[in-house]
Amino acid sequence: MIKVTFIQHSGTPYEVAATAGSSLMRAAVENGVPGIDGDCGGACACATCHVFIEPKWSALTGPAGEAEFAMLGFSEYRQPTSRLACQINLTAALDGLTVRLPEGQF
Amino acid sequence: MNHLTPSATLTVEDPWALPLDAIDPSEGRIFEAGRQHEYFRRLRQEDPVHYTANSPFGPYWSITKFNDIVEVDSNHAVFSSAGNIFIGDQPAGFAPPMFITSDPPIHGPQRKAVAPAVAPQRLSELEALVRSRAVAILESLPRGETFNWVQLVSKELTTQMLATLFDFPWEDRHLLPYWSDLTSTADIVGAATADMAERERGMREYLAYFTRLWHERAALPPKFDFISLMAHNPATKHYIDAPMAFLGNLSTLIVGGNDTTRNSISGGLLALNLFPAEYEKLINNPALVPNMVSEIIRWQSPVAHMRRTALSDYELGDKQIRKGDKVVMWYVSGNRDETVIDRPDEFIIDRPNARHHLSFGFGIHRCLGNRMGELQLRVLWEEILARFPRIEVVGEPIRVESNFAQGYSTLQVRIPA
């Protein structure tokens, strides 16, 4: 299992255990983490699973892809560390990953 | 519940009796008669990517399955919004350039200009206002008498909130739904009976009114209403010099914030009356309201379709779409796709994964005001449950003749005294 922590905009952390190969969005939705909606089911088409990657993890998660970047463009809260959680595949290397949530999803 | 079944007085052909290639779901009458779901059920079963060669709008493809719609909607490089997003083409010389009918790179900056009016932080500020207005509207309703829910509640609440989003003069707010209805009721959406002369007259008034507001806002410091945001943003301030662009973008925001939420407010009450066990469930557990809001928006599908134009050949579901073809994504059908949604014709307020619906569209044109619509529905239902044990639908609803806006002009209801 891979441990992931989602820190809410309010500061409350949610630690979940996910299986390798699942997306970061699925890890949140399946464990009932508030603030991650994943309306489109992981098709990179709704921007409702926006997260900020903690700087020490950003090299491992990599940058947003082209379609992802276009969708993130509609968030009022986009930052250089913004990603859509549905586009991050959880591997063993990401065990311990910490991400922060924006004030609201698109 | 015989009085709630689809109208028997409007004659629409039985879709199962038609040859497959004669099926044309674009006729507004089909929607007015409440028969659209049968048409789409047949297409999903027998011909999910369906070609209609002859229609009043020319040839077009119907995309009817959930996942095919997501595929088309999120591929803006092949499926362009440029020109028009209705099945029907705009009359020659009247194709207003708007961000909803633009592709990248034009679309993004213009859309972003107006987004702050409905951003999450702004909506938190507006929630108290939505609540006080919902309470005032509900408290004014008659008890023990039959009245039209659409007029007194659905239309009134959405009009008031739209007036706030535009910072529109309060005493004139009823012009907003009037203009919205003029814009969205036209022959191009299959409304054969629309009065096009009245439409043109109304549109001129509407442009003149907003031009005056624009000049007032442009002269003042920027605020968070749509007009002020557009007047002060470099990506949109040219609208004022291009009346068609101005009118088009205003209409996107007005229709987008009006018909949609209005028809979901009406549709939700209708659905609870059609599925009384769900009404019981809601009364026993008001915490289900947020999930029910998503289910209402799926079940109602207030926007029936969005159209794209193929920029290159594309194979979808073993059919060959050609460059230049019209491609219509029927959200109303995808939302009832039995291979993705369990018991899709049923209204189930505690449905798991209720947010997974097509009503807001997907991809870069996804609904800008989705959270505003959800907010109004949630607050309204919280306040309804706080004061009325039951609201009874007492007559068959009158549906709108449109292949675009799926909604009601009349929903007769009664609140027991």
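If you're wondering where the values come from, they're calculated on a predicted model, not measured in any experiment.

Focus on the overall build of chain B
The helix and strand inventory of chain B stands at 14 helices and 12 strands. Here chain B has a C-alpha radius of gyration of 21 Å; the compact-globule value for 417 residues is 22 Å, and the two agree. Reported as C-alpha extents along the three principal axes, the dimensions of chain B are approximately 55 × 55 × 40 Å. Contacts in chain B between residues at least 24 apart in sequence constitute 71% of all its contacts with a sequence separation of at least 6. Counting every atom, chain B has about 15900 Å² of accessible surface; 55% of that belongs to carbon and sulfur. Side-chain charges of chain B comprise 41 positive and 51 negative groups, with the mean position of each set lying 4 Å from the other.

What to know about the pattern of salt bridges
Residues and elements named next belong to chain B. Tallied over the full model, the rule gives 44 salt bridges over all chains. Notably, a salt bridge pairs Glu 27 with Arg 29, separated by 2.9 Å at the nearest N-O pair. Here Glu 27 falls in the partly exposed class, since its relative accessible area comes to 31%. For Asp 345, the salt bridge is made with Arg 41, and the minimal N-O distance between the two is 3.1 Å. Of this pair, Asp 345 sits in the loop between α13 (331-334) and α14 (370-387) while Arg 41 sits in helix α2 (residues 36-46); the two residues are 304 residues apart in sequence, bridging distant segments of the chain. Looking at Arg 41, the relative accessible area reads 24%, which means it is partly exposed. Through salt bridges that share partners, Glu 127, Arg 131, Glu 139, Arg 378, Glu 382, Glu 383 and Arg 387 make up one connected network.

A look at the environment of Lys 281 of chain B
Residues and elements named next belong to chain B. In this fold, Lys 281 is placed in helix α11 (residues 276-284). Separated by 66 residues in sequence, Lys 281 and Phe 347 have C-alpha atoms that sit 12 Å apart. Ignoring any residue separated from it by four or fewer positions in sequence, one finds Lys 281 in contact with Leu 288, Ile 348, Ile 349 and Asp 350.

Let's talk about the sheet that holds strand β3 (residues 50-53) of chain A
Residues and elements named next belong to chain A. Strands sit in the order β2-β1-β5-β3-β4 across an open sheet of 5 strands; the sheet is mixed. In this open sheet, the two strands that pair with only one neighbour each are β2 (13-18) and β4 (82-84). Neighbour to neighbour, the strand axes of the sheet diverge by 35° on average, direction disregarded. Here β3 pairs with strand β5 (residues 97-100) via 2 bridges, running antiparallel. Residue Ile 53 lies in a different strand from β5, and its bridge partner there is Val 99.

What about the packing of helix α10 (residues 243-274) of chain B against α11 of chain B?
Residues and elements named next belong to chain B. Contact geometry for α10 and α11: axes closest at 5 Å, N-to-C directions at 110°. Considering their axes alone, α10 and α11 lie roughly perpendicular with respect to each other. Taking contact as the criterion, the partners of Leu 269, Leu 272, Asn 273 and Leu 274 in α10 are, on α11, Pro 276, Glu 278, Tyr 279 and Leu 282. Classifying every residue of the contact of α10 with α11 gives 6 nonpolar, 1 polar and 1 charged.

Here we look at the packing of aromatic side chains
This structure, assessed with the given rule, holds 22 aromatic pairs over all chains. Summarising the aromatic geometry, the rings of Phe 31 of chain B and Trp 330 of chain B are spaced 5.9 Å apart at their centres and angled 25° between planes, so their arrangement reads as stacked. Residue Phe 31 of chain B is found in helix α1 (residues 28-32), and its partner Trp 330 of chain B is found in strand β8 (residues 326-330); the two are separated by 299 residues along the sequence. One exposure class covers both Phe 31 of chain B and Trp 330 of chain B, and it is buried. Ring pairs connect the aromatic residues Phe 166, Phe 168, Trp 179, Tyr 206, Tyr 209, Phe 210 and Phe 226 of chain B, which therefore count as one cluster. The ring of Phe 69 of chain A is capped by Arg 78 of chain A, whose NZ or CZ atom sits 4.1 Å from the centre of that ring. One Lys or Arg, Arg 390 of chain B, reaches over the ring of Tyr 279 of chain B and ends 5.0 Å from the middle of that ring.

Each value, and the rule that gives it
Residues numbered from 1 in each chain as written. Chains lettered and ligands numbered in written order. Predicted model: local features only at pLDDT ≥ 70, side-chain atom pairs only at ≥ 80, totals over all residues. Heavy atoms only, no water. Helix = DSSP H or I, 4+ residues; strand = E, 2+ residues; numbered from the N terminus. Rg over C-alpha atoms; globule rule 2.2 N^0.38 Å. Contact = heavy atoms within 4.5 Å. Areas by Shrake-Rupley, 256 points an atom, 1.4 Å probe, with all protein chains shown as cover. Lys, Arg positive; Asp, Glu negative; His and termini not counted. Charge placed at Lys NZ, Arg CZ, Asp CG, Glu CD. Salt bridge = Lys/Arg side-chain N within 4 Å of Asp/Glu carboxyl O. Buried < 20%, exposed > 50% of the residue type's maximum accessible area, 1.4 Å probe, protein only. Pairing = 2+ DSSP bridges. Axes fitted to C-alpha atoms, helices over the stretch in contact; angles between N-to-C directions. Parallel < 35°, antiparallel > 145°, perpendicular 65-115°, else oblique. Nonpolar A, V, L, I, M, F, W, Y, C, P; charged D, E, K, R; others polar. Phe/Tyr/Trp six-rings, centres within 6.5 Å; stacked < 30°, edge-to-face > 60°. Lys NZ or Arg CZ within 6 Å of the ring centre and 35° of its normal.

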